[in-house]
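# A structural walkthrough
Listed below are the residues making up each chain.
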Amino acid sequence: MRMTALTFLLCLCGATQAAQMPVAALPGGMLVYKQVQSIRERKFADLVEQKTDFSCGAAALATVLRQAYWLDVDEDHIIKGMLVNADQDLVRTQGFSMLDMKRYIESIGMRARGYKIPPEKLDAVTIPVVVLMDVRGYKHFVVMQRADKDWVYVGDPVLGHKRYSRADFSAGWNGIVFAIVGPGYDRANALRDPPTPLTAKNKLDQFYPVRDAELMEFGFIQSDFF
């Protein structure tokens, strides 16, 4: 009966985005509750997920404005704002352009500009910026959160948090960063500290087998090994 009840509670946890998991950790079977996060919730933490085929630019802008400037905007709000001056037929077939994004940002009293920079200077970009990627032939706006000497960290409105090698990122990037500048920028915003990607490879990289010499220190002899 207790197992059935616990299973039911776990199912309820899986049905919600944020939940608490009951854990029998105290004497007498008393339950404590631990905050848990689904894999999907972890993937899109601090990101705005796009809802339509043509709204990656709007979702990327919403992510930067919400996290870096604490503006209360969402994807729908920005889509409506960009459509005021955009060619709606062109948007339906090709999506929004950087010019549409620039016009919207300027309409809310902020500055926006595209800068062409070489791949080796990516780590010099110290704010989250919007970039255009070619993903298997599909033009797609994402947020470049930060870069270091090995990796480029991206907030993708479709795929969530991603990490690319600098070579892979450069191969699909058009070489331009779209920067948004305005009052109220939060230097400690969450986009500059993305979560470690949840991949099996990352878990394997953290596994270090116990060496034979260490086993022998615990009393195991060579004949025990197989």
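Cut-offs applied
Residues numbered from 1 in each chain as written. Predicted model: local features only at pLDDT ≥ 70, side-chain atom pairs only at ≥ 80, totals over all residues. Heavy atoms only, no water. Core = buried A, V, L, I, M, F, W, Y, C linked by side-chain atoms within 4.5 Å. Buried < 20%, exposed > 50% of the residue type's maximum accessible area, 1.4 Å probe, protein only. Helix = DSSP H or I, 4+ residues; strand = E, 2+ residues; numbered from the N terminus. Contact = heavy atoms within 4.5 Å. Pairing = 2+ DSSP bridges. Axes fitted to C-alpha atoms, helices over the stretch in contact; angles between N-to-C directions. Left-handed = near helix turned anticlockwise from the far one by under 90°. Salt bridge = Lys/Arg side-chain N within 4 Å of Asp/Glu carboxyl O. pLDDT = per-residue confidence, 0-100. Phe/Tyr/Trp six-rings, centres within 6.5 Å; stacked < 30°, edge-to-face > 60°. Lys NZ or Arg CZ within 6 Å of the ring centre and 35° of its normal. Expected span 1.5 Å × (residues − 1).

This part takes up the nonpolar core. Among the nonpolar cores identified, the biggest contains 32 residues, and L61, L65, I78, I105, F178 and I180 are the most heavily contacted of them. The set of elements that each furnish at least two residues to this core consists of helix 3 (56-69), helix 4 (75-83), helix 6 (98-107), strand 4 (129-135), strand 5 (138-147) and strand 8 (173-181). Looking at this core element by element, the count peaks at ten residues for helix 3. Beyond its immediate stretch of four places on either side in the chain, F178 contacts L61, M98, M101, K102, I105, A112, R113, G114, V129 and V130.

Looking now at the sheet that holds strand 3 (residues 111-116). Ordered by their spatial adjacency, six strands build an open sheet running 3-8-4-5-6-7, and the pairing between neighbours is antiparallel. Each edge of the open sheet is held by one strand with a lone partner, namely strand 3 and strand 7 (160-165). The sheet shows a mean angle of 35° between the axes of neighbouring strands, taken without regard to direction. Pairing of strand 4 with strand 8, which is carried by three bridges, proceeds in the antiparallel orientation. Note that in strand 8 the partner of M133 across the bridge is W173. In this fold helix 3 packs onto strand 4, strand 5 and strand 8, with an angle of close to 20° to the strand it touches most, strand 5.

Positive phi outside glycine occurs at D46, with the angle close to 70°. By the secondary structure assignment, D46 is in the loop between helix 2 (39-43) and helix 3. Overall, D46 belongs to the partly exposed group, its relative accessible area being 36%. Of note, W70 is a non-glycine position whose phi angle comes to about 60°, a positive value. Structurally, W70 can be placed in the loop between helix 3 and helix 4.

This paragraph deals with the packing of helix 3 against helix 4. At a minimum axis separation of 8 Å, helix 3 and helix 4 run at an interaxial angle of 120°. As helix 3 packs across helix 4, the resulting crossing turns out to be right-handed. Between helix 3, through G57, A58, A59, L61, A62 and L65, and helix 4, the contact on the second element is made entirely by E75, I78, I79 and M82.

A complete count under the given rule lists six salt bridges for this structure. Between D150 and K149 there is a salt bridge, with its nearest N and O atoms 3.0 Å apart.

Let us now look at the confidence of the model for the chain. Put simply, the chain has an average pLDDT of 80, and 69% of its residues get 70 or more. Considering each helix and strand of the chain separately, the mean pLDDT is smallest for helix 1 (residues 2-14), with a value of 42, and largest for helix 3, with 96. This model gives residues 1-16 a pLDDT under 50, and the stretch forms six contacts once residues within four places in sequence are excluded. Within the model, the stretch residues 203-208 combines pLDDT values under 50 with zero contacts to residues more than four positions away or in other chains.

What follows covers the packing of aromatic side chains. Evaluation of the coordinates by the stated rule reveals three aromatic pairs. Ring geometry for Y69 against Y185: centres 5.5 Å apart, planes inclined by 55°, an arrangement best described as tilted. You can see Y69 sitting in helix 3 and its partner Y185 sitting in the loop between strand 8 and helix 8 (200-205), a full 116 residues away along the chain. Owing to a relative accessible area of 23%, Y185 belongs among the partly exposed residues under this scheme. Residue placement shows R146 over the ring face of Y153; its charged tip is 4.3 Å from the ring centre.

What follows is about helix 3. With 14 residues, helix 3 ought to run about 20 Å at 1.5 Å a step, and its terminal C-alpha atoms sit 19 Å apart, in line with that. Positive backbone phi, at 60°, marks W70, one or two positions downstream of helix 3.

Another aspect to go through is the pairing of strand 4. Along strand 4, five of the seven residues are buried, which leaves the element largely enclosed by surrounding structure. Both strand 4 and strand 5 contribute to a ladder of seven bridges, which runs antiparallel. If you follow V131 over to strand 5, its bridge partner there is V142. With antiparallel pairing between neighbouring strands as the criterion, strand 4 and strand 5 make up a hairpin whose turn holds two residues, including R136 at a positive phi of roughly 55°.

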